[in-house]
Amino acid sequence: MEDFVKELPVWVLWVAKVAIIFGGLVATAALMSLAERKVSAWMQYRHGPNRVGPFGLLQPLADGIKFIFKEELIPAGANKFLFRLAPALAAIPAMMTIAVIPIGTIQIGETKIPFSIAQVDLGIMYMLALGGLSVYGAILGGWASNSKYSLLGGLRASAQMISYELTLILSILVVVALSGSLDLGAIVEAQRVNGLWNVFTPFGALAFVLFTIASFAETNRHPFDFAECEPELVGGFHTEYSAMRFALFFLGEYCAMTVMACLNTTLFFGGPSVPFWANAPWYVGILAFLIKAGFFLFLFIWVRWTLPRFRFDQLMRLGWKVALPIALANLLVVGAWVAFSTKGS
Amino acid sequence: MSSILFYILALVALLGAAGVILAKSPMGSVISLLGTFFALAVIYLLAGFQFLAAAQILVYAGAILVLFLFVIMLLNLGAMGSRFELSFAPLQGGRARLAGAIAVALALVGLIAAQRTTLAATPATAPDAKAIDGLEGIALELFGRYSLPFQAVSVLLLATMVAVIVLAKRQRAGEHGEEPR
Amino acid sequence: MVVVQRKELTLAERLYLPEVLRGLSLTFRKFFEKPITRQYPEQPLPTDEVTRGQPRLVVKDDGNIACVSCGMCEIACPAYAITIDGGETDRMIEREPKKFEIDMLRCILCGFCEEACPKDAIFMSNELELADYTRAGLVYDIEKLKRPKSALQKRIDYVYRLNNRWRSKQ
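None of the values given here were measured: they were computed from a predicted structure.

Turning our attention to the overall build of chain B. Scanning chain B for helices and strands turns up 7 helices and 0 strands. For chain B, the N- to C-terminal ordering of α and β elements is α-α-α-α-α-α-α. In chain B, the proportion of contacts linking residues at least 24 apart, taken out of those at least 6 apart, comes to 60%. Accessible surface computed for chain B: about 12800 Å², of which carbon and sulfur atoms make up 72%.

Okay, the arrangement of the chains next. For this structure, the chain pair with the highest number of contacts among 2 pairs of chains in contact is chains A and B. At no point do chain B and chain C touch; the closest pair of C-alpha atoms across them sits 22 Å apart.

Now for the packing of helix H8 (residues 202–218) of chain A against helix H10 (residues 243–268) of chain A. Axes are the key here: two packed helices are described by the angle between their axes and the distance separating the axes. Residue and element names in this part refer to chain A. Remark: H8 packs on H10, axes separated minimally by 11 Å, with the N-to-C direction vectors making an angle of 170°. Classified by the interaxial angle, the pair formed by H8 and H10 is roughly antiparallel. Contact with H8, carried on its side by Gly 204, Ala 207, Phe 208, Phe 211, Thr 212, Ser 215 and Glu 218, involves Met 260, Leu 263, Asn 264, Leu 267 and Phe 268 of H10 and no other residues of that element. Partitioning the contact of H8 with H10 into residue classes produces 7 nonpolar, 4 polar and 1 charged.

Moving on, we come to the pattern of salt bridges. With the rule as written, the count across this model stands at 17 salt bridges over all chains. The shortest N-O distance in the salt bridge between Arg 22 of chain C and Glu 19 of chain C comes to 3.6 Å. Highlighted residues: Arg 22 of chain C and Glu 19 of chain C, both in helix H2 (residues 17–31), separated by 3 residues, approximately one helical turn. Residue class for Arg 22 of chain C comes out exposed when judged on its relative accessible area of 57%. Lys 146 of chain C serves as the salt-bridge partner of Glu 143 of chain C, at 3.4 Å between the closest nitrogen and oxygen. Accessibility expressed as a relative area gives 56% for Glu 143 of chain C, which makes it exposed. Taking relative accessible area as the criterion, Lys 146 of chain C reaches 28% and is therefore assigned partly exposed. Among the charged side chains, a network of salt bridges with common partners joins Glu 36, Arg 221, Glu 253 and Arg 304 of chain A.

Before going further, it helps to examine the sheet that holds strand S3 (residues 95–103) of chain C. Strand order in the open sheet made by the 3 strands is S2-S3-S5 (chain C), with antiparallel pairing throughout. The sheet terminates laterally at strand S2 (82–88) and strand S5 (139–140) of chain C, the two strands that pair on one side only.

To continue, consider the interface of chain A and chain B. With 26 residues of chain A at the contact, the number on the chain B side is 27 residues. Summing the contributions of chain A and of chain B, the shared interface buries around 2300 Å²; its carbon and sulfur component is 82%. Across the chain A-chain B interface, the total number found is 0 salt bridges. Applying the counting criterion to the chain A and chain B interface returns 1 residue pair in polar contact (both at pLDDT 80 or more). Looking at the side of chain A that touches chain B, the elements with two or more residues in it are helix H4 (80–96), helix H5 (123–144) and helix H6 (148–179) of chain A. Of the residues forming the side of chain A that touches chain B, the biggest block, 10 residues, is contributed by H5 of chain A.

Here we take up the sheet that holds strand S4 (residues 122–124) of chain C. Sheets are built from strands paired through backbone hydrogen bonds, the pairs being either parallel or antiparallel. Residues and elements named next belong to chain C. Pairing is mixed across the open sheet formed by 3 strands, whose spatial order is S4-S1-S6. Two strands close off the open sheet at either side, each with one partner strand: S4 and strand S6 (146–148). Between one strand axis and the next, the sheet turns by 50° as a mean value, whatever way the strands run. In this sheet, S6 lies alongside strand S1 (residues 55–59) in parallel orientation, the contact comprising 3 bridges. From the neighbouring strand, Leu 57 faces S6, where its bridge partner is Lys 146.

This paragraph deals with unusual backbone geometry. The backbone phi angle of Phe 55 of chain A is positive, close to 55°, even though this residue is not glycine. Relative to the helices and strands, Phe 55 of chain A is located in the loop between helix H2 (10–43) and helix H3 (59–69).

The next thing to look at is the interface of chain C and chain A. Across the boundary between the two partners, chain C contributes 17 residues, which contact 16 residues of chain A. Carbon and sulfur atoms supply 67% of the area that chain C and chain A bury against each other, a total of about 1600 Å² over both sides. Between chain C and chain A we count 1 salt bridge in total. Across the salt bridge formed by Glu 42 of chain C and Arg 51 of chain A, the nearest N and O atoms sit 2.9 Å from each other. Taken together, chain C and chain A are joined by 8 residue pairs in polar contact (both at pLDDT 80 or more). Looking at the side of chain C that touches chain A residue by residue, the classes come out as 9 nonpolar, 4 polar and 4 charged.

Further remarks concern the environment of Ala 159 of chain B. Along the polypeptide, Ala 159 of chain B turns up in helix H7 (residues 147–176). Placed 90 residues apart in sequence, Ala 159 of chain B and Leu 69 of chain B show a C-alpha to C-alpha distance of 24 Å.

Bringing the side chain of Ser 150 of chain A into the picture now. By the element assignment, Ser 150 of chain A lies in helix H6. Beyond its immediate chain neighbours, meaning those up to four positions away, Ser 150 of chain A contacts Gly 142, Ser 145, Gly 236, Phe 237, Thr 239 and Glu 240 of chain A.

Residues and elements named next belong to chain C. Among the 5 residues that make up S1, 5 are buried, leaving the element largely enclosed by the rest of the structure. Pairing of S1 with S4 involves 3 bridges; the strand directions are antiparallel. When the sheet's bridge partners are listed, Leu 57 is paired in S4 with Ile 122.

Next up on the list: the packing of aromatic side chains. Residues and elements named next belong to chain A. By the definition in use, this model includes 30 aromatic pairs over all chains. Ring geometry for Phe 208 against Phe 296: centres 6.0 Å apart, planes inclined by 65°, an arrangement best described as edge-to-face. With a gap of 88 residues between them, Phe 208 in helix H8 and Phe 296 in helix H11 (residues 282–304) connect regions that are remote in the sequence. Between Phe 216 and Phe 300, the ring centres sit 4.7 Å apart and the planes meet at 40°, which makes this aromatic pair tilted.

Right, let's talk about the confidence of the model for chain B for a bit. All names here are of chain B. For chain B, mean pLDDT is 77; residues scoring 70 or higher make up 77% of the total. At the level of individual helices and strands, chain B shows its lowest average pLDDT in helix H5 (residues 129–133), which scores 54, and its highest in helix H1 (residues 2–22), which scores 86. Predicted confidence for residues 122–126 stays below pLDDT 50, and this span has 1 contact to residues more than four positions away or in other chains. Counting interchain partners and residues more than four positions distant, the pLDDT-below-50 stretch residues 177–181 has 4 contacts.

Cut-offs applied
- Residues numbered from 1 in each chain as written.
- Chains lettered and ligands numbered in written order.
- Predicted model: local features only at pLDDT ≥ 70, side-chain atom pairs only at ≥ 80, totals over all residues.
- Heavy atoms only, no water.
- Helix = DSSP H or I, 4+ residues; strand = E, 2+ residues; numbered from the N terminus.
- Contact = heavy atoms within 4.5 Å.
- Areas by Shrake-Rupley, 256 points an atom, 1.4 Å probe, with all protein chains shown as cover.
- Axes fitted to C-alpha atoms, helices over the stretch in contact; angles between N-to-C directions.
- Parallel < 35°, antiparallel > 145°, perpendicular 65-115°, else oblique.
- Nonpolar A, V, L, I, M, F, W, Y, C, P; charged D, E, K, R; others polar.
- Salt bridge = Lys/Arg side-chain N within 4 Å of Asp/Glu carboxyl O.
- Buried < 20%, exposed > 50% of the residue type's maximum accessible area, 1.4 Å probe, protein only.
- Pairing = 2+ DSSP bridges.
- Buried area = accessible area lost by both parts, 1.4 Å probe.
- Polar contact = N/O pair within 3.5 Å; in protein donor to acceptor, adjacent residues only side chain to side chain.
- Phe/Tyr/Trp six-rings, centres within 6.5 Å; stacked < 30°, edge-to-face > 60°.
- pLDDT = per-residue confidence, 0-100.

Set out below in structure tokens:
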């Protein structure tokens, strides 16, 4: 087995990893659409979808078939080019960001293969750069639809995402300062070497709370889902979308959530490391990663069915007057602490 | 291979830049600018400057252009129509020609300057591409050699921000005849 | 004028995060509780003799329906859902319906036909489901309306009980 893997051309491994990880991401996104409905149902004494397949497990498949066969509408006066481009812009950056997440290490015999599509020195920069682009889908889709609800949804999405991106980046920078690297793999390694997940350090805990709040805002999730606030804006920026284009927005949202959950796991919960079991086999590590990421995905749904939606001015106040100053102060203190502690040693 | 890619990207960047001027609607301009930024980022990547490429996308495409879009949507600068349309009006007239001439002259000066510095740079003084590419290299340059300009630019930005807030607040107070909250 | 007294929020409430956690714990507890939804097609609502479902024609033990096509139910029907064409028959009752149709799309399940019937021929069953792909398919003819007496026995007994009580109070 080991020799066989060693003799494989490099590109075979790449293709396999890309297929597994992207396939896993899309499958997770599809299952999340089911999980969302199931969990919400269970929290409200209901059963949830249970007609298609055992326990409704084939529901995403049925939804997908429905989306493909539905009629695609383009509203009159819409900008056709941007209208068609926007769903792709919403889905593709969200899916591409998974590439740098270190899910673990596959070990066959003595050969170790990092289980991530790319190991980039500037992994976090890459994620932030692409993550920042996902807002274009909402803005352009909202604008190109030639509808007031879509426009307002797009406006809110852009304002909200710019506001919370600052908090998000600043709380990530705390982790970067603690670990001394922009490489996600190195951040995981630093946590393993310290024997302490970042969330259990005082600064890390604060950064974790801020990051989680900001990630809810960045992915347009409850309680910050103003871009698609149903009671006011019909469907928000995707009011005018139907069929597969709408499904792409959906897919983009769930992929972004999945990536955020993975990022949260990597930055604050030691990625694939297992507590109190330093020499855990590689598959336990990957399993640990999936469990941790799964918990954060559950958290996204859990919060959605618990909290009511904020008001937009409350959102902005929270973002600019509470979260951002705290994140800045946190980064400042961490910077000073790191600077002085390294100088002393 | 990489030089072919470079020329294609350069063409995309130039077409995008032309689109910024020629697009009839401001939205078209912004989309063209987005294309230009992307082409530039990939050119940086080709040259081996990963950090610069990521920063280019993060800052320009991810933040500044989104703000542009925000403003355009808020101001509602006319409908875009159902597809891109170009208008060559900005290229006509005396002022346009003057501006064009100045721009070309500046570009020439820049080109010549770039050519001369690369030729004149000896290995001792030329910044090591590898060192600069890394985060530490950039940080050292930014907070070491260029610390003063960096701080100056920061202060300038801060001053601009304060000025804009003051102006906006004063206008609103005048409009409604009451103190802004 | 109503003066709303705003409750002074405690520090924990104003910080919001503790309250978020409280809410999360509540929904998490509910997560494990048993669903109260009725799984309809598998678990239909319980029906009994009081249920006034769709009207059905009773098939007597000899295999014939009791209807003599007198037309009382047709007249009583407030929704004009019943159409009867009578004809002669060699049986003792001499008349029987050649056509007896109930348009189930018009029927309002009021039970007037059941009350009007002098021959105990039509009763309200406990059948409530009504679905078809065409409107014509929901106009039930005799064959579709026939039900054996045993299936309707509980309702028949109930109606008799009801009527006896009413008579005894006269």
